[in-house]
Amino acid sequence: MALRACGFIIFRRLANPAPPPDNIEYLLLQTSYGEHHWTPPKGHVDPGEDDLTTALRETKEEAGLGAEDLRVIDGFLQELHYEVRGRPKEVLYWLAELRDPGTAVTLSDEHQDYRWARLEEACSLAQHRDMQDTLRAAHRHLETWQDKQ
Ligand SMILES: Nc1nc2c(ncn2[C@@H]2O[C@H](COP(=O)(O)OP(=O)(O)OP(=O)(O)OP(=O)(O)OC[C@H]3O[C@@H](n4cnc5c(=O)[nH]c(N)nc54)[C@H](O)[C@@H]3O)[C@@H](O)[C@H]2O)c(=O)[nH]1
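Note that the coordinates shown come from a computational prediction; the quantities given were computed from them, not determined experimentally.

Asker: Explain the nonpolar core to me, please; I cannot follow it from the model alone.
Answerer: In summary, soluble globular proteins display a tendency toward joint burial of nonpolar side chains. Residues Ile9, Phe11, Tyr26, Leu95, Met131, Leu135 and Leu142 are the most contacted members of the largest nonpolar core, which totals 25 residues. Listing elements by their share of this core, those giving two or more residues are β1 (3-13), β2 (24-31), β5 (70-84), β6 (87-98), α2 (119-126) and α3 (129-147). No other element matches α3, which puts six residues into this core.

Asker: Please explain the site of the ligand as it appears in this structure.
Answerer: The ligand sits among 20 residues. The nearest are Tyr33, Glu35, Lys42, Tyr82 and Lys89. Between the ligand and Asp130 there is a distance of 2.8 Å, counted from a nitrogen atom to a side-chain nitrogen or oxygen. The protein chains hide 71% of the 960 Å² of surface that the ligand would expose on its own. Here the shell around the ligand is composed, by residue class, of six nonpolar, six polar and eight charged.

What counts and how
- Residues numbered from 1 in each chain as written.
- Predicted model: local features only at pLDDT ≥ 70, side-chain atom pairs only at ≥ 80, totals over all residues.
- Heavy atoms only, no water.
- Core = buried A, V, L, I, M, F, W, Y, C linked by side-chain atoms within 4.5 Å.
- Buried < 20%, exposed > 50% of the residue type's maximum accessible area, 1.4 Å probe, protein only.
- Helix = DSSP H or I, 4+ residues; strand = E, 2+ residues; numbered from the N terminus.
- Near = heavy atom within 4 Å.
- Polar contact = N/O pair within 3.5 Å; in protein donor to acceptor, adjacent residues only side chain to side chain.
- Areas by Shrake-Rupley, 256 points an atom, 1.4 Å probe, with all protein chains shown as cover.
- Nonpolar A, V, L, I, M, F, W, Y, C, P; charged D, E, K, R; others polar.

The structure is reproduced here in structure tokens:
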């Protein structure tokens, strides 16, 4: 059976002079183990847990951000499929805005660093093509979403 993990692509909108969507930054966390790769907050689904609960729990555990800090964006859910040590893994990402862009991120022992990054920097940190495509899809989604705000 495939490993299953869920998480959030979290973005914040800065009140700087850059016009939307260039005022958007994405949160990436760097693992303190293995190859020190960068991903949005996410983690494995516990037995009996539903996917969105996992995404919220892992975001709280890994970034210190709770449901009250986030605004989940309608109409975006991406599913990635890749192999980890020979086992298939599926990862679901929702998209959420950090309501107060000044809210502090608090890491757990699983991560050693975090970055708020504009799209291109986020893609370069994320490295994997499917994650880059997911970040770009989120950005496109936000371009139309912001027009409606
Ligand atoms: N000491 C140690 N301990 C580890 C290690 N490994 C795990 N632990 C422990 O496990 C716990 C984590 O538990 P959770 O938080 O619940 O799970 P996840 O958040 O799911 O975490 P993972 O890191 O297991 O999973 P991925 O992020 O999926 O990385 C796995 C591989 O996939 C690549 N990869 C990543 N993203 C993408 C992508 O988007 N696209 C593609 N194509 N590939 C991608 C990536 O480059 C890597 O090669 C930790 O507490 C550790 O104790 C390890 O190597 N050494």
